[in-house]
Amino acid sequence: DPDLLILIENRPGLLKQLPVLAERYSNYRSLPGWHGSGIALFSRDPRAQLTVELWGYEQRPAIVATYPDASGEPAVQIIGMHTYSPLPVSRVEHRDRQLTTFGDWALSQRVPICVVGDLNTTPWTRSFANLIALGFQDSRLGSGNCPSWPSWAGPLGIPIDHALTLGACSISDRQVLPHAPGSDHLPITFQLHY
């Protein structure tokens, strides 16, 4: 029962199959798609402004939730994102370009940022290291390896589902949940402080 829920690989018909989502979350943006391109973000806070960013790829939209402070000014941006997978290898350059374009955008923002999703990159890749070099903090630190894919591999999987922060916000209580009904990824959960 989170305050904010991000679903990756949102297929057409999701809201019809799970009407409870629209009932529990009055503020949401659902961008369904096939072949892993869809994404949805559900927020309990009706004040959150939900916008779409493409970062060079219409087929991989991201959703930005901008949350206001008590005075109505932007306080934090939470981004749901799904980059291209690195298979086949020819798609690596598209994933890396998407992450680079996102990183440039993030540095231009004036509020703290938390990017969450299937970034299709492990912490040992150059594209991930580039985000860390920009100042992003990896929420896995202090929480173990946090493997999330494939779901059936459990602790033998790899960490490609991430929650990274930039600026005056932090993450605590980051966990990989042990069950993933209907998905080949294990879900992650955490507390965001800003």
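Whatever comes next refers back to the structure up there.
We now turn to the structure provided with this report. Sequence order sets the numbering: in each chain, residues are counted from 1 along the sequence as written. Given that this is a predicted model, residues contribute local features only at a pLDDT of at least 70 and side-chain atom pairs are listed and counted only at 80 or more, while totals for whole chains, interfaces and linings are drawn from all residues. With hydrogens and water excluded, all non-hydrogen atoms of the structure serve as input to the side-chain values.

### Brief notes about the side chain of D138
Next up, step 1: Numbering of helices and strands runs from the N terminus; a helix is a DSSP stretch of H or I covering at least four residues, while a strand is a stretch of E covering at least two. Inspection of the secondary structure assignment puts D138 in strand β8 (residues 137-138).
Next up, step 2: By relative accessible area, D138 is classed as buried at 9%.
Next up, step 3: Engagement of the side chain of D138 in a polar contact is seen with the side chain of R140, the distance being 3.0 Å.
Next up, step 4: Not counting residues up to four positions away in its chain, the partners in contact with D138 are F128, I132, A163 and L164. Burial status follows relative accessibility: with a 1.4 Å probe on protein chains alone, a residue under 20% of its type maximum counts as buried, one over 50% as exposed, and anything between as partly exposed. By the criterion applied in these results, polar contacts are pairs of N or O atoms within 3.5 Å in which, for protein atoms, one can donate a hydrogen and the other can accept it, and in which residues neighboring in sequence qualify only through two side-chain atoms. Residue contacts follow a heavy-atom distance rule, with two residues in contact if any of their heavy atoms lie within 4.5 Å.

### Looking at helix α4 (residues 126-133)
Quick reminder: α-helices carry 3.6 residues per turn. Residues three or four places apart thus point the same way.
Next up, step 1: Among the residues of α4, those classed as buried are S127, F128 and L131. Angularly, the buried residues of α4 cover 100° about the axis, an arc narrow enough to put them on a single face. In α4, the exposed positions that point more than 90 degrees away from the buried face belong to R126 and A133.
Next up, step 2: Once α4 ends, the next one or two residues include G135, with phi positive near 115°. What the arc measures is the spread of directions leading from the helix axis to the C-beta atoms.

Everything listed here is a matter of coordinates, which is why it stays silent on function.
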